[in-house]
Structures are given as structure tokens and as C-alpha cells.
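So you can see what is in the structure, the chains are spelled out below.
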Amino acid sequence: MTERGSAALARTRDGLAIGPSSLRWRDGTLTISLDEVAVPWPRRVRGEIVLHAGPQPNRGFALDAAGRHRWQPIAPVARVEARFTAPALSWSGHGYCDTNDGDRPLADDFLAWDWSREGGSRSTRLLYDAVRRDGTTTALALALDHEGVLRDVEAPPLVGLKRSLWGIAGRTRSDPGQAPHLLRRLEDTPFYARSIVGTVWNGSPATLVHESLSMTRFTHPVVQAMLPFRMPRWAGR
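Residues numbered from 1 in each chain as written. Predicted model: local features only at pLDDT ≥ 70, side-chain atom pairs only at ≥ 80, totals over all residues. Heavy atoms only, no water.

### Remarks on the overall build of the protein
In terms of regular secondary structure, the protein is built from two helices and 19 strands. For 237 residues, the compact-globule formula gives about 18 Å, and the C-alpha radius of gyration of the protein, at 19 Å, lands near that figure. Overall, the C-alpha framework of the protein stretches about 50 × 45 × 35 Å when taken along its three principal axes. Among the 237 residues that make up the protein, the fraction classed as buried is 39%. Sequence-distant contacts, at least 24 apart, represent 45% of the contacts inside the protein between residues at least 6 apart. Split by element, the accessible area of the protein, about 13,600 Å² in all, is 55% carbon and sulfur. (Helix = DSSP H or I, 4+ residues; strand = E, 2+ residues; numbered from the N terminus. Rg over C-alpha atoms; globule rule 2.2 N^0.38 Å. Buried < 20%, exposed > 50% of the residue type's maximum accessible area, 1.4 Å probe, protein only. Contact = heavy atoms within 4.5 Å. Areas by Shrake-Rupley, 256 points an atom, 1.4 Å probe, with all protein chains shown as cover.)

### Thoughts on the sheet that holds strand 18 (residues 204-214)
Strands belonging to one sheet form pairs held by backbone hydrogen bonds; the direction of such a pair is parallel or antiparallel. Reading across from one edge, 13-12-11-10-18-17-16 is the order of the seven strands in this open sheet, with antiparallel pairing throughout. Lying at the two open borders of the sheet, with one neighbouring strand each, are strand 13 (150-152) and strand 16 (181-188). Neighbouring strand axes in the sheet, compared pairwise and without regard to direction, differ in orientation by 25 degrees on average. Where strand 12 (residues 137-144) lies against strand 13, three bridges are found, and the strand directions are antiparallel. Residue pairing in the sheet places L144 in a bridge with L150 of strand 13. (Pairing = 2+ DSSP bridges. Axes fitted to C-alpha atoms, helices over the stretch in contact; angles between N-to-C directions.)

### Observations concerning the pattern of salt bridges
When the charged atoms of two side chains with opposite charge come close together, those side chains can pair. This structure, assessed with the given rule, holds 19 salt bridges. The salt bridge partner of D109 is R68, with a shortest N-O separation of 3.3 Å. Placement of D109 in the loop between strand 9 (88-102) and strand 10 (110-119) and of R68 in the loop between strand 7 (61-62) and strand 8 (69-86) is noted, with a sequence separation of 41 residues between them. For D109, a relative accessible area of 9% translates into the label buried. Note on R68: relative accessible area 29%, which makes it partly exposed. Residues R151 and D145 are paired through a salt bridge, measuring 2.5 Å at the closest nitrogen-oxygen approach. On the basis of relative accessibility, which here comes to 45%, the residue R151 falls in the partly exposed class. Among the ionic contacts, a cluster of salt bridges with common partners joins E48, R79, E81 and R83. (Salt bridge = Lys/Arg side-chain N within 4 Å of Asp/Glu carboxyl O.)

### Digging into the nonpolar core
In this structure, W71 and Y128 are the most contacted members of the largest nonpolar core, which totals 22 residues. Those elements giving two or more residues to this core turn out to be strand 10, strand 11 (124-132) and strand 12. W71 has contacts with G60, F61, L63, Y96, D98, T99, N100, W115, L126, Y128, L140 and L142, leaving out every residue within four places of it along the chain. Counting residues in each nonpolar core, the second largest holds seven residues, with L51, A78, V80 and C97 among its members. (Core = buried A, V, L, I, M, F, W, Y, C linked by side-chain atoms within 4.5 Å.)

### Digging into the packing of aromatic side chains
Pairs of aromatic rings are described using the distance from one ring centre to the other and the angle between the two planes. By the definition in use, this model includes six aromatic pairs. Measuring from centroid to centroid gives 5.1 Å for Y96 and W115, while their planes differ by 50 degrees, and the two rings are tilted. Of the two residues, Y96 is situated in strand 9 and W115 in strand 10; the sequence distance between them amounts to 19 residues. Taken individually, Y96 and W115 each receive the classification buried, so the pair is uniform in this respect. Members of the aromatic cluster, each reached through a chain of ring pairs, are F61, W71, F110, W113 and Y128. We note R125 situated over the ring of W201; from NZ or CZ to the ring centre the distance is 4.1 Å. (Phe/Tyr/Trp six-rings, centres within 6.5 Å; stacked < 30°, edge-to-face > 60°. Lys NZ or Arg CZ within 6 Å of the ring centre and 35° of its normal.)

Here it is, written out as C-alpha cells:
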């Protein structure tokens, strides 16, 4: 998450390098090479993550009426291998890859959003619920079918989640009368929370990787002052 200046950027058709780290896309495989220093306690982070993409539905979505912000699930179902020398660890499992891009800062147009992904033996389902600053909302519910096509599906009603330790108020979807429950908290920050959540969708239990983002909290002056301690800014490197 190190922020670097333009001199540290190099981009080709199939690759992106930012300082000593890089991403390469070739034949449906994304290779991420990392060589960074962790903060706030300095230690080396060096290794490689390889994502083998499954179906690539090639369908993107506008998140606002003007189309200034866009989201695309590149590989809703993928296989991931991670191999690190510092720290010494490795693992493999199922994964996911998407992209967000926009023409202006997210905080200009959004107050908050919730995203989640369920990957199971029957299907892969995605939820994206956003609250815009003008009071309107974005609500996407998608499923990847056996032909690798992302299709719109009906989703249960929105239900609030237990607040994170930093007070982030997340939401997800669950059948009426079925309260979602926190299974594991993966990340808890002043403006962002990532969790494993259990819910019920169309009468069947579902386990979601879930994230909540509060742009109101992100833009708070205190949070902005804290960011450089977790996201260092090295303009010249």
C-alpha cells in the first residue's frame, strides 16, 4: 500500500510496475511480485502471488448515474498461490480479482458501500451496495453461471451487521427473519472492515467474504492524518 511518485511507475500492455513491486498478466494468469517494507514496524515483505483466473465474464458496471465510477469483476472465480520468503510462508486456495476505476475521488460521490462474494459448489454470487452523496443508491446482485456468464439475480433484503471495533456499520443481505452473523473479523480499521459473514440466501446458508467502507470516516481529518503511518508516501522512489 506504499504510495509512490510518477517516476516509480512503469506500464506496458501486460504489466504494471510501481517501485520494486509489479504485476504481470499472461495467458489468464496474474503474477504479483512484492518487495516492500511493512509499516508502522519496519520489516521486509517479499514474495509472489499467482492468480490463475477462471471464467472471465468481461462485464463491467457503472456505480453512479453519470458513469464516473466503474467496477468490473475480472475473475469472479480463481485459484491463488502465495509464496513469500519474508516472512516465510505459503498457502493456496480459492480467490477473486476485480477492478475499480473512476474519473474523480470516491469521496466526491459516495458515502459508503458494502461488497461481498460467496464462492460455493453451486455458484458464485456477488453483492455490491453503495450509498451515494446525492441520496441515491447502487444495488447489484450477480451470479456466475456454469457457462461463465454473470447474470443479475434477485437478492434478499439489506440487513445491518454488528459494528466493527472502530464503529463501522456494515450491511449485507439475508432472507427475512434470518439475521446475518459475524464468523471472523479479518481487518478492522477506522474506515474499512473486512470479515467472513454467515447469512441465508433463498433458504440456503451462505458464507461471504464481506467488506464495508465508510468514505465519511475516510475523509475525516484525524483519519487522513493517520494514513501515512500505514500507507507511506515515497514520492521519489
